[in-house]
Amino acid sequence: MNTSPPPDLPASDRGRPGRGGLRWALPSVITVAVLVAVWQIYVMTSGIRPQVLPSPVRVLRQGWAHRDEIATHATATLQVTLAGFGLSLVLAWTLAIVVDFSPWLRRALVPLFVASQTLPIVAVAPLMIIWFGFGLLPKVLVVALVTFFPMAIGLIEGFAAADRDAGALLRSMGASRAQVFRYLRLPSAIPRFFTALRIGITYAVVGAVFAEYVGASAGLGIYMSLQKNSFRTDLVLAAVLVTALLSIALYLATFAIERLVAPWSRARNGSDRA
């Protein structure tokens, strides 16, 4: 059976980069350009001090002038983000599979997953620094805590959304529980997992920056804090821009991974939206 979406049906590309190319990004680019233009005009006509609100041109110039320093801190933030997100992936997959095989554990653990999201990160991050010091571990744990929930819940709900009739058919043919999971429940969870992955990866960068802001020796978070204390608003905004670019790059990378790992997932999403 051909699972590729019909060429005349653009639904699978809506909200997705790839085939749409420039057309997909054009509305966002136009919106950002308008906002930046308004910002620049306001700064030029209002006479506001650069310490309060620098112009976009000044932010770009100063960011480029300090590019080596910003790049060093951005690399540290990226390392924390990937390490914490990797830990979160391992935990999410492990616990979601365990929960899927045990209804009792599902009832016991899912409420705890939900409760973990009620913990204010503004309170948890300083505690991590107190308990584990200023090294890599506390920042990794903060990122894992921030990103674990959407991926775990996405997987759990994806496993549960598998077609029951197909599962009954496989069991009637003698398939074991593990075989039903491998050939039915796991593939059915992949589309929801990648949706949760995209949510989690954007949270990961924010979590890493916040953890660094609380306490670190390197990273965009501590860099923003130092520049804020020096009243260098332009460099703070330059670091914010780099943070946004990192988030966007990692977000777009999930589409490339999905295309590589599960190309049929895009076709399914397209047919569902159609």
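Since the model is a prediction, treat every value here as computed from it, not as a measurement. (Residues numbered from 1 in each chain as written. Predicted model: local features only at pLDDT ≥ 70, side-chain atom pairs only at ≥ 80, totals over all residues. Heavy atoms only, no water.)

1. Let's talk about the overall build of the protein chain
For the record, the criterion: Comment: elements are numbered from the N terminus, with helices defined as DSSP H or I runs of at least four residues and strands as E runs of at least two. Think of it in three bands: with a 1.4 Å probe and only protein chains considered, a residue is buried below 20% of the maximum accessible area for its type, exposed above 50%, and partly exposed in between. By definition, residues are in contact when any of their heavy atoms lie within 4.5 Å.
The helix and strand inventory of the protein chain stands at 11 helices and 0 strands. The helix and strand sequence of the protein chain, counted from the amino end, reads α-α-α-α-α-α-α-α-α-α-α. The buried share among the 274 residues of the protein chain stands at 39%. For the protein chain, the share of sequence-separated contacts (at least 6 apart) that also reach a separation of at least 24 residues comes to 73%.

2. What to know about unusual backbone geometry
Phi at phenylalanine 231 is positive, roughly 60 degrees, even though this residue is not glycine. Among the structural elements, phenylalanine 231 can be located in the loop between α9 (220–229) and α10 (233–261). Here phenylalanine 231 falls in the exposed class, since its relative accessible area comes to 62%.

3. Concerning the packing of aromatic side chains
In plain terms, the rule: Any two of the Phe, Tyr and Trp rings considered here, Trp counted by its six-membered ring, make a pair once their centres fall within 6.5 Å; the pair's planes then place it as stacked at under 30 degrees, edge-to-face at over 60, or tilted in between. In this scheme, the term charge over a ring applies when either NZ of a lysine or CZ of an arginine sits within 6 Å of the ring centre and within 35 degrees of the ring normal.
Applying the stated rule across the entire model yields 6 aromatic pairs. Here the aromatic rings of phenylalanine 193 and phenylalanine 194 are separated by 5.3 Å at their centres, their planes lie at 65 degrees, and the arrangement is edge-to-face. Given a relative accessible area of 7%, phenylalanine 193 falls into the buried group. An aromatic cluster of three or more residues is present, and its members are Trp93, Phe101, Phe159, Phe181, Phe193 and Phe194. Against the face of tryptophan 64 rests arginine 67, its NZ or CZ located 4.2 Å from the ring centre. Lying over the aromatic face of phenylalanine 255, arginine 198 brings its terminal NZ or CZ to 4.1 Å of the ring centre.

4. Notes on a nonpolar patch on the surface
What counts here: Residues qualify for a patch when their relative accessible area is over 30% and they have no salt bridge, like charges being joined within 9 Å and the nonpolar side chains of Val, Leu, Ile, Met, Phe, Trp and Tyr within 5 Å. Computed with the Shrake-Rupley method and a 1.4 Å probe, the accessible areas treat only the protein chains shown as cover for residues. For this analysis, a salt bridge means a side-chain nitrogen from Lys or Arg found within 4 Å of a carboxyl oxygen belonging to Asp or Glu.
On the surface, Leu60, Leu241, Leu245, Ile248 and Leu252 cluster together into a nonpolar patch covering about 440 Å² of accessible area. Here the element with the most residues in the nonpolar patch is α10; it accounts for 4 residues. Mapped onto the fold, leucine 245 is located in helix α10. The class for leucine 245 is partly exposed, based on a relative accessible area of 49%.

5. Focus: the UniProt feature "transmembrane region" (unreviewed entry) in the protein chain
Rules: UniProt positions are given in the numbering used here, feature names are shortened, and annotations may be inferred rather than shown by experiment.
With numbering aligned to this structure, UniProt lists the feature "transmembrane region" (unreviewed entry) at residues 21–42, 82–101, 108–134, 140–162, 201–223 and 235–257. Taken as a whole, residues 108–134 contains 78% helix and 0% strand, while its terminal C-alpha atoms sit 34 Å from one another. In residues 201–223, the share of helix is 78% and the share of strand is 0%. The end C-alpha atoms are 21 Å apart.

6. Some details on helix α6 (residues 136–160)
Counted only if it meets this: Multiplying 1.5 Å by the helix residue count minus one yields the expected span of that helix. The term bend refers to the angle at a residue between two fitted axes, each drawn through seven residues, those ending there and those starting there.
Spanning 25 residues, α6 covers 36 Å between terminal C-alpha atoms, matching the ideal 36 Å at 1.5 Å per step. The largest bend in α6 amounts to roughly 40 degrees and is located at phenylalanine 148, with the proline proline 150 lying one to four residues further along. In terms of burial, α6 is largely enclosed, as 18 of its 25 residues are buried.

7. Some points on the environment of isoleucine 199
Here isoleucine 199 lies in helix α8 (residues 177–214). The exposure class of isoleucine 199 is partly exposed, given its relative accessible area of 38%. For isoleucine 199 and proline 150, which are 49 residues apart along the polypeptide, the C-alpha to C-alpha distance reads 7.1 Å.

8. Considerations on the side chain of glutamate 212
Let me state the cut-off plainly: Two N or O atoms form a polar contact when they lie within 3.5 Å of each other; inside protein one atom must be a possible hydrogen donor and the other a possible acceptor, and for residues adjacent in sequence the pair counts only when both atoms belong to side chains.
Tracing the backbone through its elements, the reader meets glutamate 212 in helix α8. A distance of 3.1 Å separates the side chain of glutamate 212 from the backbone nitrogen of glycine 221, its partner in a polar contact. Each residue touching glutamate 212, except ones within four places of it in the same chain, is listed here: Ala76, Thr77, Val80, Lys139, Ala218, Gly219, Leu220, Gly221 and Ile222.

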